[in-house]
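The primary structure of each chain is shown beneath.
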Amino acid sequence: FAQNVAFLVKDKHGEPYREVTYTDLKRDVYALGTVFHALELKDKKIAVTGWLEDTDTELFPFLESYINKGIGKVICTDIAKDGMLQGPSIELYKEIMNAHPTLHLIASGGVSSMEDIIKLDEAGIPAVIFGKAIYEGKISLKELEKYVS
């Protein structure tokens, strides 16, 4: 399953989005020594144990501590949106980017259409994961190709 997931990302120079498969991402991570951190959130608090357990750990102090340790790329999933196809948490992601403008944030959860991807791009979010929208036929490869071109 995971090897079929595609990501859209901007390169380090901010060039337009390109499709990257899981295999490409894994290769690039190992080749570049890049360290990612994945955050699952519910109401701006960290969720753990496969989203089954909520914590009292607030997003921003937690994120700050990892950025201070050298983490520069974060996959952030709003679990209230994930798999729902009801639109991403754009305001949350904008808030994160305003607090940490150099962070390479990968937004995850809720993407339902190309319009969502475009809105994230316009909001300055560097990358997005949109798995279910592809599998449900809400976004076509033709639309992605047109947007990337």
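Rules of the game
- Residues numbered from 1 in each chain as written.
- Predicted model: local features only at pLDDT ≥ 70, side-chain atom pairs only at ≥ 80, totals over all residues.
- Heavy atoms only, no water.
- Phe/Tyr/Trp six-rings, centres within 6.5 Å; stacked < 30°, edge-to-face > 60°.
- Helix = DSSP H or I, 4+ residues; strand = E, 2+ residues; numbered from the N terminus.
- Lys NZ or Arg CZ within 6 Å of the ring centre and 35° of its normal.
- pLDDT = per-residue confidence, 0-100.
- Contact = heavy atoms within 4.5 Å.
- Buried < 20%, exposed > 50% of the residue type's maximum accessible area, 1.4 Å probe, protein only.

**A closer look at the packing of aromatic side chains**
- Taken as a whole and judged by the stated rule, the model has 1 aromatic pair.
- Between Phe62 and Tyr66 the ring centres are 4.9 Å apart and the planes differ by 45°, which places this aromatic pair in the tilted class. Linking Phe62 with Tyr66, this pair stays in helix 2 (residues 59-68), spanning 4 residues, or about one helical turn.
- The ring of Tyr66 has Lys69 sitting right over it, with the charged end atom 4.7 Å from the ring centre.

**Here we look at the confidence of the model for the chain**
- Of the residues in the chain, 74% have a pLDDT of 70 or more, and the chain-wide mean is 79.
- By mean pLDDT, strand 1 (residues 6-9) is the weakest element of the chain at 46, and helix 3 (residues 90-99) is the strongest at 96.
- Scored below 50 in pLDDT, residues 1-12 shows 42 contacts in the model against residues more than four places distant or in partner chains.
- Below a pLDDT of 50 lies the segment residues 29-33, which in the model reaches 3 contacts outside its immediate sequence neighbourhood of four places, other chains included.

**Let's talk about the environment of Ile134**
- Turning to its location among the elements, Ile134 is positioned in helix 5 (residues 131-135).
- With relative accessibility at 27%, the residue Ile134 sits in the partly exposed group.
- In this structure, the C-alpha to C-alpha distance between Ile134 and Ser112, residues 22 residues apart in sequence, is 8.6 Å.

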